[in-house]
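Results of the structural survey
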Amino acid sequence: MSLRLYNTLTRSIESFVPLQPGRVTLYTCGPTVYNYAHIGNFRTFLFEDLLRRWLQASGYDVFHIMNLTDVDDKTIAGAVAAGQPLRTYVQPYIDAFHEDRRYLRIEDASVYPRATDFIAPMIELVEGLLARGVAYKGDDGSVYFAISRFPAYGKLSQLDRRELKVGASERVSADEYAKEDARDFALWKAARPDDEEVGAAWDAPFGRGRPGWHLECSAMALELVRQRTGLDVLDIHAGGVDLIFPHHEDEIAQSCAYTGRELFARYWVHGEFLKVGGEKMSKRYGNITTARDLREDGVDAGAIRLLMSQVHYRQRLDLTDAALASAREGSRRLGEFQNRLLAAAGHAAGDSTGGADAPPFAEAAERLDRELTEALDDDLNAPRAVAALFAFASAGNSALDAGQAAGPRALAAWRRAEGVLGVTSAVQVVKVGTAVEVGPAADSALAEAPPEGTDEGAQRSWAVRWAVRRKDAKAARDYGEADRIRALLRGAGWEVRDNRDGSLEVLRAGPKPPH
RNA sequence: GGCGCCGUAGCCAAGUGGUAAGGCAGAGGUCUGCAAAACCUCCAUCAUCGGUUCGAUUCCGAUCGGCGCCUCCA
């Protein structure tokens, strides 16, 4: 059995077969960089990251394109308001996007094309459409796509089965009057003073202006895929469900009218929304949580990824404090297990048994491999994949408690699963007694409050020193003092743990320290 | 008005025509000076009402409730 995906184009689950064996071209609609992306946006990017990782884990060479929309109404409005050139205005948001996605462990796409770097291919595309007679120049100087001349229009969103509500859009833009049909969309927008002011206007044979939103994706996708594979059809195109109509529908119309192909992308996959308090997270509702908000709260990306992974990508997910807390705890547990497994398997590798897996581990590993594959191949059923990971952790903890040896087999299975899911929190464990971090100041005056700031080293040093004091108090059977110190550490987010072998450790679950 | 989605234990959630994964929380237990961690055990009949079926949570219909899209929108 291999990967099956729900294809919005056919509204059914299909076996995934790429155009070229072993290679996949994947295009995902990226952020419009006029602001910080919120985690609703990132839910989609996270689902695409899972798709990307699973394709790679399945052996495919994936060419992943994620565009950055740096020229549209919002970026231009922002640049005008800030009195900056478009490219200048947008740069901090591009940087922030990459920072946020790295925090969330979203793998690098192969390329991140910026719309303003692809003006030439866009102009070429518009010229092609004009030449084919499916585009026309309106009275306002803009160029529009004529839906009536592209019979396949509406296939993706099943427009033929719908009836557009009259006046569903409150906005009646000025260019309505320039179009032949109200549903026609702009390929190229005639330059306005604001566009000129921020450098968002380009000369073109059909008039000075700037690209329409839909055009950007078509032009960049076609250009990059042609460069890479020589083809003019994508394997997979992904995005959020709200892009199905009109964005993706319009991309299909432009691209197919231009290439003459029946398909622009062979598989269209769409992720559902993230909701907050029952409502869609949207800048419009003002219920935004950004990735950086969560990071500042000390949330490990593993917890966020777990939260998202516990709900299927085609199912809406409601973000609540309880759900996040639940995911943090689960992710922490996985992190603790990972620490144990790594230590055990690392130790086993050097011992006389040759590092072989004890039967319970060999069995658990085989099962995890199988269940992970079954789950993810089944339209990326991450909830089931995560369940398999938890089952492995439970079995592994149990086996470790029983003194069973973990070896390379168990380690490989864990790494494969966690490598795709990335749902484990980093749990810092510092063994106390090694004196490595204690230093000469161990018995000098030590502040009861943890050090200010985010210096991990200072935090850890502080915790270790107190832990050493507690160790001494405990050795002296001064349990009152030992308990007081534990409470002190707990208040700063550290837990003290006495192990069975008499060793002592302090640990904390949190975001990965900056690297 | 059109198209569509959802309603599973305290919370989140997967799934199946033959009596329901997983996570969090909770209860009891093992271990521990006390904890923490880990492990073990316990904790649902799947919104309501009809229908089809030997049998439905799983198919069909209706009802109630929540939500999304219909050219800004991940």
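Because the structure is predicted, anything quoted here is derived from the model rather than measured.

1. Section: the overall build of chain A
Secondary structure assignment for chain A yields 15 helices and 16 strands. Expressed along its principal axes, the backbone C-alpha trace of chain A runs to roughly 90 × 55 × 40 Å. When burial is assessed residue by residue, chain A has 52% of its 515 residues classed as buried. Relative to all contacts within chain A whose residues are 6 or more apart in sequence, the contacts with residues 24 or more apart total 77%. Total accessible area on chain A stands at roughly 22,900 Å², and carbon and sulfur atoms take up 50% of it. Averaging the coordinates of the 64 positive side-chain charges in chain A and doing the same for the 75 negative ones gives two points 4 Å apart.

2. Brief notes about the packing of helix α4 (residues 119–131) against helix α6 (residues 213–229)
Following both chains from N to C, one finds α4 and α6 inclined at 105°, their axes separated by 9 Å at the closest point. By the angle class used here, α4 and α6 are roughly perpendicular. Within the contact between the two elements, α4 uses P121, M122, L125 and V126 and α6 uses L215, E216, S218, A219, M220 and E223. Across the contact of α4 with α6, the residue classes tally to 7 nonpolar, 1 polar and 2 charged.

3. Observations regarding unusual backbone geometry
In this structure, P246 follows F245 across a cis peptide bond, with omega equal to 5°. Its place among the elements puts P246 in helix α7 (residues 244–259). One non-glycine residue, R11, lies in positive phi territory at about 55°. Its location among the elements puts R11 in the loop between β1 (4–7) and β2 (12–15). If you check the backbone angles, R477 has positive phi at about 60° while not being a glycine. You can see R477 is positioned in the loop between α14 (456–475) and α15 (479–491). By relative accessible area, R477 is classed as exposed at 63%.

4. Quick look at helix α13 (residues 408–421)
Between its terminal C-alpha atoms α13 stretches 20 Å, which fits the 20 Å expected from 14 residues at 1.5 Å a residue. Directly beyond the C-terminal end of α13, a positive phi value near 60° is found at G422.

5. Remarks on the environment of L488
Relative to the helices and strands, L488 is located in helix α15. In this structure L488 comes out as buried when scored by relative accessible area, which is 19%. Taking the C-alpha atoms as reference, L488 lies 68 Å from A257; in sequence the two are 231 residues apart. Excluding anything up to four places from it in sequence, L488 contacts E448, W462 and W466.

6. Comments concerning the sheet that holds strand β11 (residues 274–276)
Here we have 3 strands laid out as an open sheet, ordered β12-β11-β13, and mixed in their pairing. The strands lining the two open edges of the sheet, one partner per strand, are β12 (279–280) and β13 (317–319). Alignment of β11 against β13, held across 3 bridges, turns out to be parallel. Within the sheet, the bridge partner assigned to V276 lies in β13 and is L319.

7. Digging into the sheet that holds strand β9 (residues 234–240)
Spatial ordering of the open sheet is given by β4-β3-β9-β10, a layout of 4 strands whose pairing is parallel. At either margin of the open sheet sits one strand with a lone partner, and together these are β4 (61–66) and β10 (265–271). Direction aside, neighbouring strands of the sheet carry axes that sit 20° apart on average. Sheet topology note: the strand β3 (residues 23–28)/β4 ladder contains 6 bridges and is parallel.

8. What about the confidence of the model for chain A?
For chain A, the mean per-residue pLDDT works out to 89, and 91% of the residues sit at or above 70. Taken element by element, chain A is modelled with least confidence in β12, mean pLDDT 77, and with most confidence in β4, mean pLDDT 98.

9. Observations concerning helix α12 (residues 382–401)
Compared with an ideal rise of 1.5 Å per residue, which puts 20 residues at 28 Å, α12 spans 28 Å between its outermost C-alpha atoms and is within 8% of the ideal. Every buried residue belonging to α12 is among A382, A385, V386, A388, L389, F390, F392, A393, G396, A399 and L400, and all of these are buried. The opening residue of α12, the one whose side-chain oxygen lies 3.1 Å from the backbone nitrogen of R384, is N381. At the C-terminal side of α12, G403 shows a positive phi close to 80°.

10. Looking at the nonpolar core
Counting residues in each nonpolar core, the largest one holds 134 residues, and the members touching the most others are F145 and I236. The dominant element in this core, judged by the number of residues it contributes, is α12, at 10 residues. Core analysis: the second largest hydrophobic core is formed by 17 residues, V430, V432, L488 and W494 among them.

11. Structural notes on the packing of helix α1 (residues 39–57) against helix α9 (residues 301–309)
At their nearest, the axes of α1 and α9 sit 10 Å apart, and the two run at 80° to each other. One element, α1, and the other, α9, form an angle in the roughly perpendicular class. Seen from α1, the contacting residues are I39, R43, L46, D49 and R53; seen from α9, they are I304, R305 and M308.

12. Structural notes on the pairing of β4
For β4, a buried count of 5 out of 6 residues is recorded, marking the element as mostly surrounded by other parts of the structure. In this view, the connection linking β3 to its parallel neighbour β4 by way of α1 has right-handed handedness.

13. Some thoughts on the packing of aromatic side chains
On inspection of all chains with the given rule, the structure shows 17 aromatic pairs. On the basis of an interplanar angle of 65° and a centroid distance of 5.6 Å, the ring pair of Y89 and Y93 is categorised as edge-to-face. In this pair, Y89 and Y93 both sit in helix α3 (residues 86–103), 4 residues apart, roughly one turn of the helix. We note that Y89, like Y93, is buried. Plain terms: the ring middles of F145 and F185 are 5.2 Å apart, the flat faces sit at 10° to each other, and that makes the pair stacked.

Rules used throughout
- Residues numbered from 1 in each chain as written.
- Chains lettered and ligands numbered in written order.
- Predicted model: local features only at pLDDT ≥ 70, side-chain atom pairs only at ≥ 80, totals over all residues.
- Heavy atoms only, no water.
- Helix = DSSP H or I, 4+ residues; strand = E, 2+ residues; numbered from the N terminus.
- Buried < 20%, exposed > 50% of the residue type's maximum accessible area, 1.4 Å probe, protein only.
- Contact = heavy atoms within 4.5 Å.
- Areas by Shrake-Rupley, 256 points an atom, 1.4 Å probe, with all protein chains shown as cover.
- Lys, Arg positive; Asp, Glu negative; His and termini not counted.
- Charge placed at Lys NZ, Arg CZ, Asp CG, Glu CD.
- Axes fitted to C-alpha atoms, helices over the stretch in contact; angles between N-to-C directions.
- Parallel < 35°, antiparallel > 145°, perpendicular 65-115°, else oblique.
- Nonpolar A, V, L, I, M, F, W, Y, C, P; charged D, E, K, R; others polar.
- Expected span 1.5 Å × (residues − 1).
- Pairing = 2+ DSSP bridges.
- pLDDT = per-residue confidence, 0-100.
- Polar contact = N/O pair within 3.5 Å; in protein donor to acceptor, adjacent residues only side chain to side chain.
- Core = buried A, V, L, I, M, F, W, Y, C linked by side-chain atoms within 4.5 Å.
- Right-handed = clockwise from strand over helix to strand, strands pointing away.
- Phe/Tyr/Trp six-rings, centres within 6.5 Å; stacked < 30°, edge-to-face > 60°.

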